[in-house]
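Residue-level structure breakdown
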Amino acid sequence: MSTATHRTPLTDWTVVVPVVALGALVLSWGRDLPGFAVALVSLCLAGAVLAAVHHAEVVAHRVGEPFGSLVLAVAVTIIEVALIVTLMAGGGDKTSSLARDTVFAAVMITCNGIVGVSLLVGALRNRVAVFHAEGSGAALATVATLAVLSLVLPTFTTTKPGPEFSSAQLTFAACASLALYGLFIAVQTVRHRDYFLPVDTGGSAAGPAAGGGTDGDGDHAVPPTFRAALISLGLLLIALVAVVGNAKAVSPTIERGVADAGLPHAVVGVIIALLVLAPETLAAVRAARRDRVQTSLNLAYGSAIASIGLTIPSIALATIWLSGPLLLGLGPVHMVLLALTVVVSALTIVPGRATLLQGGVHIVLLAAYLFLAVSP
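Anyway, here's the lowdown on the structure attached to this text.

Rules behind the numbers
- Residues numbered from 1 in each chain as written.
- Predicted model: local features only at pLDDT ≥ 70, side-chain atom pairs only at ≥ 80, totals over all residues.
- Heavy atoms only, no water.
- Phe/Tyr/Trp six-rings, centres within 6.5 Å; stacked < 30°, edge-to-face > 60°.
- Helix = DSSP H or I, 4+ residues; strand = E, 2+ residues; numbered from the N terminus.
- Buried < 20%, exposed > 50% of the residue type's maximum accessible area, 1.4 Å probe, protein only.
- Contact = heavy atoms within 4.5 Å.
- Core = buried A, V, L, I, M, F, W, Y, C linked by side-chain atoms within 4.5 Å.
- Salt bridge = Lys/Arg side-chain N within 4 Å of Asp/Glu carboxyl O.

1. Overview of the packing of aromatic side chains
A complete count under the given rule lists two aromatic pairs for this structure. Between Phe104 and Tyr369, the ring centres sit 5.5 Å apart and the planes meet at 85°, which makes this aromatic pair edge-to-face. Linking Phe104 in helix H4 (residues 98–126) with Tyr369 in helix H12 (residues 356–374), this pair joins segments that are 265 residues apart in sequence. Look at Tyr369 and you get buried, because its relative accessible area is 2%. Each ring, one from Phe184 and one from Phe196, has its centre 5.8 Å from the other, and the planes form 90°; the classification is edge-to-face. Taken together, the residues Phe184 in helix H6 (residues 167–191) and Phe196 in the loop between H6 and helix H7 (226–260) connect sequence positions twelve residues apart.

Rendered as structure tokens:
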């Protein structure tokens, strides 16, 4: 990790790129962009993703795990929620299912894509990827509960026709989501913090009770100063605003491309989720390459929990001024994929170690979701 120098020159690309990407966002906001402008904004978006990962690692190195992964997950999710609400406010009835599509896409990408790639990288490096089953299992249980309460139950409730919650049901789901999210954060960062620390891979995968959690190779590098971490935190927020804002700027082009290709409108939510979750994906892969698979799982499941736990309450609050229906309930195909994801994830997490096979299974599940999103 390049944090031992404590200083980030103002001419460093990790400083310049977020500022340039934010400038591109200001210039392109609310405009119908031509093809070359879309290409430039996309380049700025990609650069902002890489810069966000770098600054997230600097902050994570300063505050330690699991706070480091929590910073990136929460920051990305808060801005993602703002993006969803903004698109729904200006999109009319055609965006009635945008929150559902984006949140479910985030769950599938994190629980299958990020987890699968991280396990593959970890297993390729050490034959077996090791992590704490206690912490990851608790996170998975929280994801499953939030997903069922917010995305499955609306399909079966009868108070209101269609895959919608009534006002009272939506209020309950929002309060339950916030309560579970807050409880998980308390357990992750205070009560059972050792369950979410990277496993010491120098020997066996010792459990938390045996003192197996460490910060891994991060302990051998000099942490950045408080000032350097604070600067990186500010640049991280700038980069994330640029990522999500530029994703919105190119979303009209994406929507036109999806419509011209004859694809379902839900594909827009998938593409937005892929763009927004790019920083977490890169950060998780880099953590797995450093034998810190637990950090990768913290990022994956933490992002899924934050995505549901913050989006549903925000959307519930936004319904006060948003017009049109709010479709939250999943269809049969997506419910099957969600159930399969939960079962496979449980079988992956319970042993506390995984091989290439488990990583490959999760990648195949993500591929099945993406394929069925394009060809339902």
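Now that the structure has been shown, we can carry on.
2. Some thoughts on the environment of Tyr301
With respect to the helices and strands, the residue Tyr301 is situated in helix H10 (residues 293–318). Note: C-alpha distance between Tyr301 and Ala138 (163 residues apart in sequence) is 9.7 Å. With sequence-adjacent residues up to four places away left out, Tyr301 is seen in contact with Cys111, Val115, Ser136, Ala139, Leu140, Val143, Ser345 and Ile349.

3. Thoughts on unusual backbone geometry
Here Arg127, not a glycine, exhibits a phi torsion of approximately 70°, which is positive. Tracing the sequence through the fold places Arg127 in the loop between H4 and strand E1 (129–130). Despite not being glycine, Asp291 has its phi angle at roughly 65°, a positive value. If you trace the backbone, Asp291 turns up in the loop between helix H9 (278–289) and H10.

4. Some words on the nonpolar core
If you look at the biggest cluster of nonpolar residues, it comprises 90 residues, and the most contacted ones within it are Met88, Tyr301 and Tyr369. The dominant element in this core, judged by the number of residues it contributes, is H10, at 14 residues. For Tyr369, the residues in contact, after removing those within four places along its chain, are Asp101, Phe104, Ala105, Met108, Val270, His334 and Leu337. Leu45, Val49, Ala242 and Val243 belong to the second-largest nonpolar core, a separate cluster that totals nine residues.

5. Looking at the pattern of salt bridges
Counted according to the given criterion, the structure contains three salt bridges. Of the charged contacts, one joins Asp101 and Arg100 as a salt bridge, the two residues approaching to 3.3 Å between their closest N and O atoms. For Asp101, a relative accessible area of 10% gives the class buried. Residue classification places Arg100 among the buried positions, given a relative accessible area of 16%. Arg125 is paired through a salt bridge with Asp291; the nearest N and O atoms lie 2.7 Å apart. Of the two residues, Arg125 is situated in helix H4 and Asp291 in the loop between H9 and H10; the sequence distance between them amounts to 166 residues. Accessibility expressed as a relative area gives 19% for Asp291, which makes it buried.

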